[in-house]
Amino acid sequence: MTDVAESGPLEPQARHVVYCGVCTLPPEFCEFGGTAKKCEEWLKENQSDLWNRLYSEEALSANLSTLKVSVQERVAKDAAKKEAKAAQNEARDAERKAASKIQIKRVERNKRKYVTVVIGLEVHGLENKKVAKELGKKFATGSSVTKSPSGTEEITVQGDVSEDVKEWLLDVYGSKVPEANIELIEDKKKKKAEA
Amino acid sequence: MFKKEIPPSNRSKVKSSVARGLRQRLLETYPGFEPYIEEILPKKASLEVVKLPERATLYTIDSTPLFFQPFDGPPIPHLKLVHKFPSAIPTLQIDRGAIRFVLSGATLMAPGLTSPGGRLPDAEHAIEAGQVVGIKAEGKEEVCLVGVLKAGTEDIKSKGKGVVMDEGHYLGDGLWNIHLD
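Computed from a predicted model, the values in this text were never measured in an experiment.

The rules behind the values
- Residues numbered from 1 in each chain as written.
- Chains lettered and ligands numbered in written order.
- Predicted model: local features only at pLDDT ≥ 70, side-chain atom pairs only at ≥ 80, totals over all residues.
- Helix = DSSP H or I, 4+ residues; strand = E, 2+ residues; numbered from the N terminus.
- Rg over C-alpha atoms; globule rule 2.2 N^0.38 Å.
- Contact = placed C-beta atoms within 7 Å.
- Nonpolar A, V, L, I, M, F, W, Y, C, P; charged D, E, K, R; others polar.
- Domains from an automatic or database assignment.
- Pairing = 2+ DSSP bridges.
- Core = buried A, V, L, I, M, F, W, Y, C linked by C-beta atoms within 7 Å.
- Buried ≥ 20, exposed ≤ 12 C-beta atoms within 10 Å, placed from the backbone.

**Structural notes on the overall build of chain B**
Across its full length, chain B holds six helices and 11 strands. Expected size for 181 residues packed as a compact globule is a radius of gyration near 16 Å; at 16 Å, chain B falls within 12% of this value. Across its three principal axes, chain B shows a C-alpha extent of roughly 45 × 35 × 30 Å. Contacts spanning at least 24 positions in sequence make up 61% of the contacts within chain B whose residues lie at least 6 apart.

Quick look at the structure:
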């Protein structure tokens, strides 16, 4: 915590503070973050000397001795509750991610002209606005975030690029987006040029 | 103040004259930052401003948050900046029991400061209401909350109850978790 790092060529006076990789707080506050167990593991792996200091027997007992027993119990209960909640949230999140599909739709705009609509990226931790911009750059077409009638946001890319969008998504964001969750949909089933 | 996650929003470059004004204002409000000002706000760096909810603004350089400014108040340093220069602003200390409330966004109340684990400055170093202070915690090294004091430290001592600070910026709030890339 007190290790001073050189952070610039001029006046290296800034302290360099280590932040927990799990909950982003300074490690001494991890116990209040709701993911205490994971934080501890992370710290042990990545900053072992700090871990020794914060999680040694003496440090723990020193922490506890400053509080009354009844308060201690309440705090422990609170922490447990918080942790359970965080775990539950995470589980739910993962489930939602697995269940939700990214739809790539080809929508007919004007007889032989199409737009491609991408729905559901935000669930997988991507930012619609940024992805839209990138898509526009990639395909050199107009690409924007629009509100669908149901109120959710979707990306509209001009031109029929559904196959390419899928490939590109897997290429660039393959780690975030499982292939099984991408669906190609053709709105007007007139001709089946692709496939 | 920033209990909710902050949605990504537009940012824009700051005119150099405005940047100069901000620098002036900072040095007035925080004499403690004076030795470090070149490191925090280099003259060359391009300062950017990000809009936050509740008409607050956040000043950043290279995607690192530096200061945020509520609509009607002085600029307040971001906690990461406070961690880098811990001696720049005055600090108080709360007892261990209060930490969990502070980190979940409660307003800071006087008993957390007046109890044995807390620490308030002596009478001659008293801090007036309206000043920006950092709040440390018993048994911890880092500051966990910054904000504007609602009551002077002498008042806190004599009354021993009531609100000390609300609308602060605490560890793990929306501003702390903001993504700026």
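**Concerning the interface of chain A and chain B**
Opposite the 22 residues of chain A that make contact, chain B presents 23 residues. Counting residues per element, the side of chain A that touches chain B draws most heavily on helix 4 (residues 69–99) of chain A, which supplies three residues. Split by residue class, the side of chain A that touches chain B holds 11 nonpolar, six polar and five charged.

**A look at the domain arrangement of chain A**
The domain boundaries assigned to chain A delineate domain 1 (27–98) and domain 2 (100–186). Taking the mean C-alpha position of each, domain 1 of chain A and domain 2 of chain A sit 40 Å from one another.

**Overview of the sheet that holds strand 1 (residues 11–13) of chain B**
All names here are of chain B. Strand order in this open sheet of five strands is 1-2-3-4-5, and the pairing throughout is antiparallel. If you trace the sheet from one side to the other, it starts and ends with strand 1 and strand 5 (76–77), each paired once. Two strands pair when backbone bridges link them, and strand 3 (residues 57–61) and strand 4 (residues 64–69) are joined in this way by five bridges, in the antiparallel orientation. For Thr57, the partnering residue across the bridge sits in strand 4 and is Gln69.

**So, the nonpolar core**
Membership of the largest hydrophobic core comes to 59 residues, with the highest contact counts inside it found for Ile99(B), Val102(B), Leu103(B), Ile135(B), Cys144(B), Leu145(B) and Val164(B). Once you skip the residues sitting within four places of it in the chain, Val102(B) turns out to touch Ile94(B), Leu108(B), Ile135(B), Cys144(B), Leu145(B) and Tyr170(B). Listed in part, the 18 residues of the second largest apolar core include Ile102(A), Ile104(A), Ala132(A) and Leu135(A).

**As for unusual backbone geometry**
At Ala140(A), a position not held by glycine, the phi torsion is positive, near 55°. For Ala140(A), the location among the structural elements is in the loop between helix 5 (128–139) and strand 3 (143–147). One non-glycine residue with positive phi stands out, namely Asp62(B), at about 50°. Tracing the backbone shows Asp62(B) in the loop between strand 3 and strand 4.

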